[in-house]
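Examination of the molecular architecture
Spelled out from the first residue to the last, the chains are:
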Amino acid sequence: MPVSVVTLLPFFLVFGLVILLAVVSRRRRLTVDARVRREEAFLAALPPPSVASADLNARALEALDVLCARSNSTAGVYVDMKDYFAWRGWNDADVHHIMGRLGGLDFAHQEVSAEHPFSLYRYRATESGVRENMANSGRSAYSSNVSLNQYTTHGNNFAATSLGSGNASLNQSHQGESRNVHLELAQRLREDAADALPVIADTAQSHAQSLEAALAAGDAVARDESVGHIQRFLQTVGSGFQASQQLLSLLGLPG
């Protein structure tokens, strides 16, 4: 007795589904293999890093500070950091390892989109990255013997340990004077930035704007965070900001 098409239809459907799943699985495997090969080729092409492994944590937190300054401490805003990396003299291996440390801690991520499938220079701070940067600024604002968060790895997991001495506050009798010093600090920062390279000037202007906004709002917490950002910025910027560094000393802070 001849077999009808209706009888064979379920078998064709099952056979077709098996073929489709095999094709999809093979394409997915090829895609993964291609990505792995691209990553291996990228890593193999990297030059020797110029930043010591022991300095990665400190350099990563400095980069996070600039990333947050340029995005106005707003999570998810993509920032092109190429000029900053060039100014620091970091090669592609340095950028990969330093920013990779922030990525592993979920403090910052690279931009990956249809327009930018891969970029070594475009990053966004995460919510936890913004919080960490604010916390580090608060810790560094009132202590001359503070170590920023140091990170050690255990397998694939990161553990954070905060080190530092207790906070000190400005004497209330000098609050009016300190406000004037804060305002002058913002002004001096703008003036020092006038002769700086654009990559440095943009960050300095952003820090000055944040400090002025905090003072205008009467927000002492935001003010202290802004001063912490400025202090960390001045510790890495090099020469050309002597007036700003002198004003930090009037607040009892190291430049």
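Use the structure listed above.
Read on for a plain summary of the structure. Remember, it's a predicted structure, so these values are computed and weren't measured experimentally. (Residues numbered from 1 in each chain as written. Predicted model: local features only at pLDDT ≥ 70, side-chain atom pairs only at ≥ 80, totals over all residues. Heavy atoms only, no water.)

1. Some points on helix α9 (residues 242-250)
Within the sequence span of α9, burial applies to Ser244, Leu247 and Leu248. Buried positions in α9, seen along its axis, are confined to an arc of 110° and lie on one side of it. Exposed residues on α9 whose side chains face more than 90 degrees from its buried face are Gln246 and Leu250. (Buried < 20%, exposed > 50% of the residue type's maximum accessible area, 1.4 Å probe, protein only. Helix = DSSP H or I, 4+ residues; strand = E, 2+ residues; numbered from the N terminus. Arc of directions from axis to C-beta.)

2. Some remarks on the pairing of strand β3 (residues 122-125)
When a strand is regular, its side chains alternate between the sheet's two faces. Across the two faces of β3 the burial differs, with Tyr123 and Ala125 buried and Arg122 and Arg124 not buried at all. Examined bridge by bridge, strand β1 (residues 78-80) and β3 share three bridges and lie antiparallel to one another. Along β3, the bridge assignment pairs Tyr78 with Arg124. Pairing analysis gives three bridges linking strand β2 (residues 108-110) to β3, with the strands arranged antiparallel. If you follow Ala108 over to β3, its bridge partner there is Ala125. (Pairing = 2+ DSSP bridges.)

3. Considerations on a nonpolar patch on the surface
On the surface, a nonpolar cluster with roughly 370 Å² of combined accessible area is contributed by Leu17, Leu20, Leu21 and Val24. Looking at the secondary structure, you find Val24 in helix α1 (residues 5-45). Val24 gets classed as partly exposed once you look at its relative accessible area, which sits at 36%. (Patch = residues over 30% accessible without salt bridge, like charges linked within 9 Å, V, L, I, M, F, W, Y side chains within 5 Å. Areas by Shrake-Rupley, 256 points an atom, 1.4 Å probe, with all protein chains shown as cover. Salt bridge = Lys/Arg side-chain N within 4 Å of Asp/Glu carboxyl O.)

4. Some details on unusual backbone geometry
Leave glycine aside and you will find that most residues have negative phi; peptide bonds, for their part, are mostly trans. In this model, Ser73 sits at a positive phi of 55°, which is unusual for a non-glycine residue. Judged by relative accessible area, Ser73 falls into the partly exposed class, the value being 26%. Positive phi, close to 60°, is recorded for Asp106, a residue that is not glycine. Mapping Asp106 onto the fold places it in the loop between α4 (92-104) and β2. Given the relative accessible area of 39%, Asp106 is considered partly exposed.

5. Describing the side chain of Asp65
Considering the arrangement of structural elements, one finds Asp65 in helix α2 (residues 56-70). This buried residue, Asp65, is left without a salt bridge; Arg232 holds the nearest opposite charge, at 4.3 Å. Of the polar contacts made by the side chain of Asp65, one reaches the side chain of His229; its length is 2.5 Å. (Lys, Arg positive; Asp, Glu negative; His and termini not counted. Polar contact = N/O pair within 3.5 Å; in protein donor to acceptor, adjacent residues only side chain to side chain.)

6. A short note on the packing of helix α8 (residues 220-237) against α9
Where α8 contacts α9, the two axes come as close as 11 Å, and the packing angle between them is 130°. When the interaxial angle is binned, α8 and α9 end up oblique. α9 is crossed by α8, and the crossing has left-handed handedness. Here Val227, Gln231 and Leu234 of α8 lie close against α9, whose contacting residues are Ser244, Gln245 and Leu248. A class-by-class count of the residues in the contact of α8 with α9 yields three nonpolar, three polar and no charged. (Axes fitted to C-alpha atoms, helices over the stretch in contact; angles between N-to-C directions. Parallel < 35°, antiparallel > 145°, perpendicular 65-115°, else oblique. Left-handed = near helix turned anticlockwise from the far one by under 90°. Contact = heavy atoms within 4.5 Å. Nonpolar A, V, L, I, M, F, W, Y, C, P; charged D, E, K, R; others polar.)

7. Description of the pattern of salt bridges
Under the criterion given, the structure shown has seven salt bridges. Of the charged contacts in the structure, one is a salt bridge between Glu191 and Arg188, with a shortest N-O distance of 3.3 Å. Of this pair, Glu191 and Arg188 both sit in helix α6 (residues 175-193), three residues apart, which is roughly one turn of that helix. Accessibility expressed as a relative area gives 38% for Glu191, which makes it partly exposed. Judged by relative accessible area, Arg188 falls into the partly exposed class, the value being 26%. Across the pair Arg190 and Glu212 runs a salt bridge whose closest N-O atoms are separated by 2.6 Å. One end of the pair, Arg190, is in helix α6; the other, Glu212, is in helix α7 (residues 198-217), and 22 residues separate them in sequence. On the accessibility criterion, Arg190 (24% relative accessible area) is partly exposed.

Shape is all these values report; function is a separate question.
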